[in-house]
Amino acid sequence: MKCLLIASESAEVLFNWTDPEFQQKIQEQYGASQEEGQRLPAFEDSISTLFAPIIISCITMVDRLGDSYASFTTENNHIYVLHQFDECLYIAVNGDGEEGEDDLRRKIYVMKKMIEVLFGMVTLSSNLLRRELRPQDTEQRARLWKHLQSLLETYSHIRENDQSFLVEAVERLIHPTLCEQCIEFLERRLVQQLNSSIERAGEEVMHAFILVHTKLLAFYSSRNASTLVTSDLLTLIIMAQNMYPSCIDLDDPSPEVGDAKRKAPVPGFFNLGVGTPRGVMAEDSLQTLEVPPPDPSTPRRVFLEVSLKEGLYPMMPHSMYCLPLWPGITLVLLTKIPTSAVAMSVYTYLEAFAKLEKRLREGQEGSAATRGQPTIHDLRSKLDKFIKALGPSDIQLQNVWTEFKTRAFGRGGPGFNRDLIPWCKNMKTQLCGIYRQCFLIDPGPSDVPRHLSPGLQERAQTLVQEKLMDWKDFLLVKSRRNITMVSYPDFPGLIHFICVDRSTGQMIAPSLNITERNTSELGKGPVAQFIKSKVWSLVNTTRRYLQKGYSTVTLRDGDFYFCYFLWFENETGYKLEAVDLPILPDDSPPIGMLSWDYYRKLRRYYSKNHQGEVVKCYELLTVHLGVIPSEIILQHCRQLASKLWEPSRNPLL
């Protein structure tokens, strides 16, 4: 009984996802109210009718009280979590007891993150985003909604089964020699060859990485590339898994069994990876509408954070090429597109108008509203040139900017006061529209190639396949048993651990194998599944304590003893003194690195007292047998923390 809905302030459904149980309940509820002989209402009409009172109530509370619901529970124990981002209301529901408020809130924020990666700065304009999420063309809407539904299901499946997505950090395959060889190969052979080709159509490969299921084998960034932040990398891994799902149990280490079950989907198909698409479109005809797959050689446009010496630029356009090498092993290329400078300019202007609007709303007028760098005065001539360079096709932006200048800078105009707020909003909408026109609208058929040629993509695929041909079976097994507790005989009584370097967004943990046919140190089937459920529960518990400001947690639960530690180090590995962590409100964004990088903000908070020093942040979770004395357990934790990471931060084998 699960559902996620995005609605506008007018209660229009912009997106919905439901599991089969929720969908059946709605159809039974609204089907029963139909008179005999009448056609059943379209599913979207039914779900809109169901949620309309909640949406209207929520919007009314914001209008009248300036406040709204964060969550509520009904008499039949259905949990509703709500969050409004600008004019879009997200509602997540659970009625089977499998998800709590924290899980639903996380699902909402992850959905928002994926929409930002897919639509970029268009998400900064509610009006434009509504049109993007709910296209008038029914086939286009069907394709988009199925894609978003499949991404959500892929994420949910991975998070339920993969430790790296449980703690929201990237897991690398532990084989230093092979990893180093692959990184060198990506740099000297693949990326160099692609970027020197005349078939790249002006694109430049900035990042290249190889995934084995959800684990990272090798990652290379070109010298002039910005760091790919963990939040974006995790989202791209979800997208890669969605396009080419593993289609096997995450705990099955047998390549023979895996090969029999793996089937790569048609490239580019909106494949769920965990079943068929769920959720139905507005019109009944859409329930059986066949959505044709896009051209496999056409890249997906993604919008990622870029950090340059000029500043931080979120949601910059890139092309993502997801090239399957073998089932379960994928090469991903991220390219910078020739017109990306336009996006940087748009963001600079958007930020300036957003700051001006904020100050005007706070009551600052005149020179107080325009202070700071860069000011609207500074950007005026640059924006004039930018609009002129766009040409006469963007007459609407020209007209709005002309009116803004008349009101703000003209002698007879009101100047910088609250009357300028609607024009700030109007300028932001127009700038987002230019961004949409440049980076989201399909230019249609053209003789001029706009991305890496299919032949160049195929050569890239072949190059990496030749490099890894002798390793592929080993890699598929290794991805299931990356490291095991057998590697740690010096810690008797230690059942499991997860260590996370929050500065790099990487984690290391023994594999959890829970299938009946596989025996591991945790035993078989139910025993291992029991330990797994304890680990998942421990992570959720520690996040609640972290939210309340605790950096150390020790818990005894029956036959087990759990520990959690968060600490800071400087660049030399010296442990820094503990401080009181900020206490977060209950409805704050979920702690993690996927939808909202809590740890980046935490490092900034800690660095206030360590100016000029690089501050690193680490977490360690351990599960011990309860019979082990607590002083031995704490000694294990100290030793394990120092053993897991060398100064170079390469995991020890």
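Residues numbered from 1 in each chain as written. Predicted model: local features only at pLDDT ≥ 70, side-chain atom pairs only at ≥ 80, totals over all residues. Heavy atoms only, no water.

1. Details of the nonpolar core
Stated precisely, the cut-off is as follows: To define a nonpolar core, start from buried Ala, Val, Leu, Ile, Met, Phe, Trp, Tyr and Cys residues and group those joined through side-chain atoms within 4.5 Å. Exposed residues in this analysis have more than 50% of their type's maximum accessible area, buried residues have under 20%, and partly exposed residues fall in between, with area computed by a 1.4 Å probe over protein chains only. Strands are runs of DSSP state E lasting at least two residues, helices are runs of H or I lasting at least four, and both sets are numbered from the N terminus onward.
In terms of nonpolar packing, the biggest core is built from 113 residues, with Ile6, Phe51, Ile91 and Phe404 touching the most fellow members. Broken down by element, the residue count for this core peaks at ten residues, all from helix 3 (residues 101-119). Core analysis: the second largest hydrophobic core is formed by 34 residues, Met507, Phe562, Val615 and Cys617 among them.

2. Points about the sheet that holds strand 10 (residues 311-326)
Paired through their backbone hydrogen bonds, the strands of a sheet run either parallel or antiparallel. Which entries qualify depends on this criterion: Between any two strands, pairing holds if DSSP finds at least two bridges. Fitted lines through C-alpha atoms give the axes, limited to the stretch in contact for helices. The angle between two N-to-C directions lies from 0 to 180 degrees. Residues count as neighbours in contact if any of their non-hydrogen atoms are within 4.5 Å of one another.
Pairing is antiparallel across the open sheet formed by five strands, whose spatial order is 8-7-11-10-9. For this open sheet the edge positions go to strand 8 (215-221) and strand 9 (300-308), each flanked by a neighbour on one side alone. Taken pair by pair, the neighbouring strands of this sheet meet at an average axis angle of 30°, ignoring direction. Judged from the eight bridges that link them, strand 10 and strand 11 (residues 329-336) form a sheet pairing that is antiparallel. Counted as the bridge partner of His318 is Lys336 from strand 11. Contacts from helix 3 reach strand 9 and strand 10 within the one sheet, and its direction differs from that of strand 9 by about 95°.

3. Regarding unusual backbone geometry
Unlike most non-glycine residues, Glu168 shows phi in positive territory, near 55°. Tracing the backbone shows Glu168 in the loop between helix 6 (163-167) and strand 6 (170-171). One non-glycine residue with positive phi stands out, namely Met315, at about 60°. With respect to the helices and strands, Met315 occurs in strand 10. Using a relative accessible area of 13% as the deciding quantity, one classes Met315 as buried.

4. A look at empty space enclosed by the protein
Inclusion rule: With a 1 Å grid laid over protein atoms only, a set of points is called a cavity when a 1.4 Å probe fits there but cannot get out and a pocket when it is open yet has protein on both sides within 12 Å along at least five of seven lines; lining residues have an atom within 4 Å of a point. Grid points are joined across faces, edges and corners, and a volume is the space filled by probe spheres set on the points. Where each domain starts and ends comes from a domain assignment, either automatic or drawn from a database.
Evaluated as defined, the whole model comprises seven cavities of 30 Å³ or more. Of the voids in this model, the second largest cavity is the one considered here, and its volume is about 160 Å³. Only helix 3 and helix 16 (526-547) provide two or more residues apiece to the lining of the second largest cavity. A domain split of the lining of the second largest cavity shows at least three residues from each of domain 1 (2-167) and domain 4 (483-646).

5. Some thoughts on the packing of aromatic side chains
Which entries qualify depends on this criterion: Stacked, edge-to-face and tilted are the three classes for Phe, Tyr and Trp ring pairs, Trp counted by its six-membered ring, which pair at centre distances within 6.5 Å; planes under 30 degrees apart are stacked, over 60 edge-to-face, the rest tilted. Sitting over a ring, as applied to charges here, requires NZ of Lys or CZ of Arg to be within 6 Å of the ring centre and within 35 degrees of the ring normal.
Overall, the coordinates contain 24 aromatic pairs when judged by the stated rule. When the ring of Phe72 is compared with that of Tyr80, the centres are 4.8 Å apart and the planes differ by 10°; the resulting orientation is stacked. A relative accessible area of 24% means that Phe72 is categorised as partly exposed. Each ring, one from Phe353 and one from Phe404, has its centre 5.2 Å from the other, and the planes form 85°; the classification is edge-to-face. Linking Phe353 in helix 10 (residues 340-361) with Phe404 in helix 12 (residues 395-409), this pair joins segments that are 51 residues apart in sequence. In this pair, the class of Phe353 matches that of Phe404, namely buried. Through a chain of ring-to-ring contacts, the aromatic side chains of Phe22, Phe51, Tyr69, Phe72 and Tyr80 assemble into a single cluster. The ring of Phe85 has Lys112 sitting right over it, with the charged end atom 4.9 Å from the ring centre. Sitting above the plane of the Trp536 ring, Lys532 keeps its charged end 4.3 Å from the centroid.

6. Notes on the packing of helix 10 against helix 11 (residues 376-390)
The following threshold applies: Crossing handedness is defined as follows: a turn of the near helix away from the far one that is anticlockwise and smaller than a right angle gives a left-handed crossing, while the clockwise case is right-handed.
Close contact between helix 10 and helix 11 brings their axes to 11 Å; oriented N to C, the two are set at 140°. Remark: the crossing between helix 10 and helix 11 carries left-handed chirality. Touching Val342, Ser345, Val346, Thr348, Tyr349, Ala352, Phe353 and Leu356 of helix 10 are Ile376, Leu379, Lys382, Leu383 and Phe386, all from helix 11.

7. Details of the side chain of Gln547
With respect to the helices and strands, Gln547 occurs in helix 16. Judged by relative accessible area, which is 13%, Gln547 ranks as buried. Residues in contact with Gln547, not counting those within four places in the same chain, are Pro582, Ile583, Leu584, Pro585, Asp586, Ser588 and Ile591.

8. A short note on helix 2 (residues 43-65)
The criterion, for reference: Here, expected helix span is obtained from the residue count minus one, scaled by 1.5 Å. The angle between axes fitted to the seven residues ending at a residue and the seven residues starting there is what we call the bend at that residue.
With 23 residues, helix 2 should reach 33 Å at 1.5 Å per residue; the first-to-last C-alpha distance of 33 Å fits that figure. At Phe51, helix 2 is bent by approximately 45°, the largest bend along its length, and proline Pro53 sits one to four residues beyond. Of all the residues in helix 2, the buried ones are Phe43, Glu44, Ser46, Ile47, Phe51, Ala52, Ile54, Ile55, Cys58 and Ile59. At the exit of helix 2 stands Gly66, carrying a positive phi of roughly 70°.

9. A short note on helix 16
When the terminal C-alpha atoms of helix 16 are compared, their 32 Å separation across 22 residues agrees well with the 32 Å that a helix rising 1.5 Å per residue should span. Of the residues flanking the end of helix 16, it is Gly549, one or two places downstream, whose phi is positive at about 100°.

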